[in-house]
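Remarks on the overall topology
Spelled out, the chains give:
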4 protein chains.
Amino acid sequence: MAGKLRIGVIGAGRIGKLHAENIAYFIPQAKLEGIADVMMTPDMESWAKGLGARIVTKDVSALLADKDIDAVIICSSTDTHADMVVLAAKAGKHIFCEKPVDLTVAKVNAALAAVKAAKVKMQVGFNRRFDHNFRTVREMTLAGKVGDVQMVKITSRDPAPPPATYVAVSGGIFLDMMIHDFDMARFQAGSEVVEVHATGAVLIDPAIGKAGDVDTAIVTLKFANGALGVIDNSRKAAYGYDQRVEVFGSKGCAQAENDTPSTVKLSNDEGVSGDKPMYFFLERYKTAFIDEMKAFVSAVLEGKDVPVSGEDGLRDLLVGLAAKKSLAENRSVRIDEIG
Amino acid sequence: MAGKLRIGVIGAGRIGKLHAENIAYFIPQAKLEGIADVMMTPDMESWAKGLGARIVTKDVSALLADKDIDAVIICSSTDTHADMVVLAAKAGKHIFCEKPVDLTVAKVNAALAAVKAAKVKMQVGFNRRFDHNFRTVREMTLAGKVGDVQMVKITSRDPAPPPATYVAVSGGIFLDMMIHDFDMARFQAGSEVVEVHATGAVLIDPAIGKAGDVDTAIVTLKFANGALGVIDNSRKAAYGYDQRVEVFGSKGCAQAENDTPSTVKLSNDEGVSGDKPMYFFLERYKTAFIDEMKAFVSAVLEGKDVPVSGEDGLRDLLVGLAAKKSLAENRSVRIDEIG
Amino acid sequence: MAGKLRIGVIGAGRIGKLHAENIAYFIPQAKLEGIADVMMTPDMESWAKGLGARIVTKDVSALLADKDIDAVIICSSTDTHADMVVLAAKAGKHIFCEKPVDLTVAKVNAALAAVKAAKVKMQVGFNRRFDHNFRTVREMTLAGKVGDVQMVKITSRDPAPPPATYVAVSGGIFLDMMIHDFDMARFQAGSEVVEVHATGAVLIDPAIGKAGDVDTAIVTLKFANGALGVIDNSRKAAYGYDQRVEVFGSKGCAQAENDTPSTVKLSNDEGVSGDKPMYFFLERYKTAFIDEMKAFVSAVLEGKDVPVSGEDGLRDLLVGLAAKKSLAENRSVRIDEIG
Amino acid sequence: MAGKLRIGVIGAGRIGKLHAENIAYFIPQAKLEGIADVMMTPDMESWAKGLGARIVTKDVSALLADKDIDAVIICSSTDTHADMVVLAAKAGKHIFCEKPVDLTVAKVNAALAAVKAAKVKMQVGFNRRFDHNFRTVREMTLAGKVGDVQMVKITSRDPAPPPATYVAVSGGIFLDMMIHDFDMARFQAGSEVVEVHATGAVLIDPAIGKAGDVDTAIVTLKFANGALGVIDNSRKAAYGYDQRVEVFGSKGCAQAENDTPSTVKLSNDEGVSGDKPMYFFLERYKTAFIDEMKAFVSAVLEGKDVPVSGEDGLRDLLVGLAAKKSLAENRSVRIDEIG
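Residues numbered from 1 in each chain as written. Chains lettered and ligands numbered in written order. Predicted model: local features only at pLDDT ≥ 70, side-chain atom pairs only at ≥ 80, totals over all residues. Heavy atoms only, no water.

Looking now at the interface of chain A and chain B. Between chain A and chain B, the residue contacts involve 39 residues of the former and 39 residues of the latter. For the pair chain A and chain B, the summed buried surface comes to about 3000 Å²; carbon and sulfur atoms form 60% of the total. Across the chain A-chain B interface, the total number found is six salt bridges. For Lys153 of chain B, the salt bridge identified is with Asp232 of chain A, shortest N-O distance 2.5 Å. Considering every element that reaches the side of chain A that touches chain B, the biggest residue donor is strand β10 (residues 228-234) of chain A, with six residues. Its residues placed into classes, the side of chain A that touches chain B shows 14 nonpolar, 16 polar and nine charged. (Contact = heavy atoms within 4.5 Å. Buried area = accessible area lost by both parts, 1.4 Å probe. Salt bridge = Lys/Arg side-chain N within 4 Å of Asp/Glu carboxyl O. Helix = DSSP H or I, 4+ residues; strand = E, 2+ residues; numbered from the N terminus. Nonpolar A, V, L, I, M, F, W, Y, C, P; charged D, E, K, R; others polar.)

Turning next to the sheet that holds strand β4 (residues 71-74) of chain B. Residues and elements named next belong to chain B. Taken together, six strands build an open sheet; the order of strands is β3-β2-β1-β4-β5-β6 and the sheet is parallel. In this open sheet, the two strands that pair with only one neighbour each are β3 (55-57) and β6 (122-124). On average, each strand axis in the sheet is inclined to that of its neighbour by 20 degrees, with strand direction left out of account. Examined bridge by bridge, strand β1 (residues 5-10) and strand β2 (residues 30-36) share six bridges and lie parallel to one another. Across the sheet, residue Arg6 finds its bridge partner in β2, namely Lys31. (Pairing = 2+ DSSP bridges. Axes fitted to C-alpha atoms, helices over the stretch in contact; angles between N-to-C directions.)

A separate point is the pattern of salt bridges. Considering all chains together, one arrives at 128 salt bridges over all chains under this definition. With a closest N to O distance of 2.8 Å, Arg244 of chain A and Asp242 of chain A form a salt bridge. In terms of burial, Arg244 of chain A and Asp242 of chain A fall into one category: buried. We note a salt bridge from Glu45 of chain D to Lys49 of chain D, for which the minimum N-O separation is 3.5 Å. (Buried < 20%, exposed > 50% of the residue type's maximum accessible area, 1.4 Å probe, protein only.)

So, on to the confidence of the model for chain A. When pLDDT is averaged across chain A, the result is 96; 99% of the residues are at 70 or more. With pTM at 0.96, the complex prediction returns an ipTM value of 0.95. (pLDDT = per-residue confidence, 0-100.)

Glancing now at the relation of the copies chain A and chain D. Screw-axis analysis of chain A against chain D gives a translation of 0.0 Å along the axis, an RMSD of 0.0 Å, and a rotation angle of 180 degrees. Taken together, the turn and the small shift mark the pair as related by a two-fold rotation axis. Taking C-alpha positions as the reference, the residue of chain A nearest the rotation axis is Ser273 of chain A, at 2.0 Å. Counting the interface residues of chain A, we find that 100% of their copies in chain D are interface residues as well, pointing to one common contact surface. (Least-squares fit on C-alpha atoms with pLDDT ≥ 70 in both.)

What follows covers the sheet that holds strand β1 (residues 5-10) of chain C. Residue and element names in this part refer to chain C. The sheet built from six strands is open, its strands ordered β3-β2-β1-β4-β5-β6 with parallel pairing. On the outer flanks of this sheet lie β3 (55-57) and β6 (122-124), each paired with one strand and no other. Pairs of neighbouring strands in the sheet enclose a mean axial angle of 20 degrees, with direction left out of account.

Taken together, the contact between chain A and chain D spans 12 residues of the former and 12 residues of the latter. Carbon and sulfur atoms supply 59% of the area that chain A and chain D bury against each other, a total of about 860 Å² over both sides. Summed over the shared surface of chain A and chain D, the number is zero salt bridges. Applying the counting rule to chain A against chain D returns four residue pairs in polar contact (both at pLDDT 80 or more). Taken together, the elements giving at least two residues each to the side of chain A that touches chain D come down to β13 (265-268) and β14 (271-274) of chain A. A total of four residues in the side of chain A that touches chain D trace back to one element, the largest contributor, which is β14 of chain A. Considering only residue class, the side of chain A that touches chain D consists of three nonpolar, five polar and four charged. (Polar contact = N/O pair within 3.5 Å; in protein donor to acceptor, adjacent residues only side chain to side chain.)

This is how it looks when you write it as structure tokens:
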């Protein structure tokens, strides 16, 4: 494909806005052509035009019908993702779809089938693979610096829990939150998960428990290559967004620590103190969001494989569903029991 | 009890020697009275006399019969611990027993019963509770600095695996190695373990697998107070002895990092590098070994409770047996299923 | 001033390009109107047009004559800075001038007089004041966290020396390199330098010595408020760009450590290693360059004082000249001996 | 010399007690034979006997006359050091003398002459050379890891100032406090100081100023090998004893950070905090005090050179006197101007 990748963004909520601005400002190889949002407001419209969007509409089909759009970024509400993928694929657009594609295997399979039939590319928004720290860990592993991977350990804690009402429709902690960590674990292990065991508790907000979910969870994983994994999640870390990864292998161990706003240490009569981690995902993964989009743009323009495929999204979902089942039945669950 | 605590050491292997020297050199409130070892050699004898021991013998009963000995330190081979405890209790001696008391619940129960009947004190050698880092974490929790404990995470990796022949008689990774971490987890959580799930793999030495054990393991725990825990063990970390503890709670997170021989960082064209962790337990827990003995001595002299009781040893064993069963049956196991 | 600040850039070398791109991409309150460079090439021209510049010219006077330009960024060669300031001031443009304004007091005074007469604003490009780490240190001091400042310590080392030919015309290490640190020292101390003592040596490149300069230097400072300061410079640190600041006061000490590309630590049988510092000033001060320009734009638009004034540039120069004299005469030199 | 080194301690103040206990408990190659203190109290006597001292006396000459004493540790008041060295040398005893030998060059020279004439060994108590961190830095330099040394930077700050009355008789900050750092600088540079420039201020306690001294000082050094050095001292760091060393060379930079009581980090809503440095020299240099004594004992027993000689003490004094002169005259002072 010659020239710039011409992109339409579907859905202009928080994450849609972020992607639209990143495309407009930071990705010279792409051009923001249009923005569609069913709730388009005058404010949103003026924002969109300020970014240089040619098409600003409430009607997604107008965007999909535009022949000068090569690719779409799907950032609409989660329950519409799979349908949007199918529509976009049928319209011949390359697709970047926010995670999750869907909470059910059937709809994800249908979406992937449509993508395959249309021979378009599809990338899923697991942005953390592009984080400078986690990517460095993976590069060290690929360079042989940790030897054979034996354990992958992920700490992933949010600064504050979502409202219980959100939790109720989110698919629960494993499909909404830990799914990022399942993707990270697969990425770091370089292998597929074959078995899962989940433990969970309601320790932060009883309303989350009433909504049928847990807010604290530890999941162990077995990978096809024999390695083990463990992920811990908390919906609320008093000190902010705690995002660490450790890969342990036969030759060593690579550990990614949190990013902080500054490196400054203050020593006084109480001790030596430094910054908390970056507050939340928009701060911590600011550059990762740009880099995942650059990777998508270059994969399409250069005809390469996307770095996080629809199949990755499917496999992450299967691990999440297995974890959910494991917690419900208090036993280890094999991935091949799902779907 | 007035004056110094007069101590006899039973078993003069590596750990017996360490305790004897610590008592002789670093604990003014104690006096090393005697050393018994069934394999007493001339070298051992001259070493023992150099430490000022009055009784140096192959015959444990001579030590136990001595009226001027108040307490014994049991460091003989693991399979003799429980019997020695019974004999020492019957002789009216206070007891410090190296871990584990025994690998079976029945023998531990018998030993504890003898101790109870004799109204002597008994401390078990879980030295890590006295480590300056781990103790500081616990003190922070007790001071309310992490709030309610929600997760306890322990990383515990050895620098090199033992011979497979040792593994075969050791009781396996859960009773030989991770039992230290079960004790630490209970100590840090301030609560008893109620359920365990173990995952394991043979990734380091196939001979360990042939001996019926794993060399890499991840265990999740549920505590009576609702908190969750996770421990990972590896028999071989290329960079040495990796001993870290993290306690996460409603108000914050306390993390103990490894100790290193120096604080020096070298910056050159390859990066910024520092020391590996202290090589192994004798280096890392050097002061902890002294401090556990001081605590035992002062508990006896001042008539206080010992900080790590025989009951602690029993409970750690139960968790270890549950982990073993969990791995064998690939399911979560409740502690009350054991014994 | 209403609307966006309309900016012309004078000089499109490395730093001019950087400022032009920052204005075009990252500062919504500013608009890049024109770029002038006496060496304008077709490549430069197409780059400038790609950034949306309306005027692309070899003729600075065309830029200065344009009524729709409110401010200029002076990035031409150092020896032209002072003249450009005078011309721009006479044209009624607000001025952002790269450091140094000039290497002589007379020309700087003339430039400042022109700025004053024209009642335009002028900011000097001491970008490091905007670094996230150093700014945090200053904020801590202003918040009273270090108490009264007693010492300011600055480590500032480059990854590689410039060619000796450059050194010969640069004004030497004190006016070319350490002048940044003199500005930082004054900023952190919140006080003016009253006396300087410089020590130096040629330890890296004998050609620098032949050019009449040193490549390694340590300078001590006395501030008007009684505090002491020390700066060390090296033209070549094997591990890259070493930029650290420490402010020590009656209540504590704030230390800014280097930034690194990632937080990843690799533990293996050789030790525990991490990244070198960010390679050089373009990487380390990437955001600081944007933030200094934002501050200039907002100072002009909102009629506020600029954060780094022409007077700051003059005072930094005086300290640099005093350091040069101190080294030459091997004695302490008072600032009031200069100029 | 065969067998153990038989040692008498002269002066049982804080530091004398420390050495006596270290010899009694931690140095198997030495034997504590006697303790002399002109102020011997019953308490001191019972403490000395508890350590196994055969001779406990108010009369130093009794100790020096004892034929079964091979070496003495001089820990009497500073003004008696040089005389004690002469007496001990004449008595044929090997000598470990606390720093400083004396505050005047004449008396130090006389003491060194007596030592030379008696052909005994003499070590001066610059214990910091034996610190695990600083020794590691030196070993890295000797192993070529930093390349040619270009700069030595030392930060040395006390947790609390001494009373002004002490300051008045101490010889001042350069002879009392920074002399340790002059010794460290010479040790790390592997070269002699040839020129000194001192800056100082009274920022902590006006009474120190009235006593004719400063409480805050920065000194730059030139070494014979061309390297530069800088030392900063403060009599009061709010966060405790700050003892850091940095050696910068052509291939890299080795930095020794402070030691802390634990490695624990607490993350909460205020930030991430850790321990202050070890409180003061008794804590920080606990092992260094033992290691310097071991080195003395083994140098005498094995007929090797002592690691810190009387000549080192003399050279450190000359640097201190030059610094004092530099501050008084506000100019650079060459070492060969002194003495």
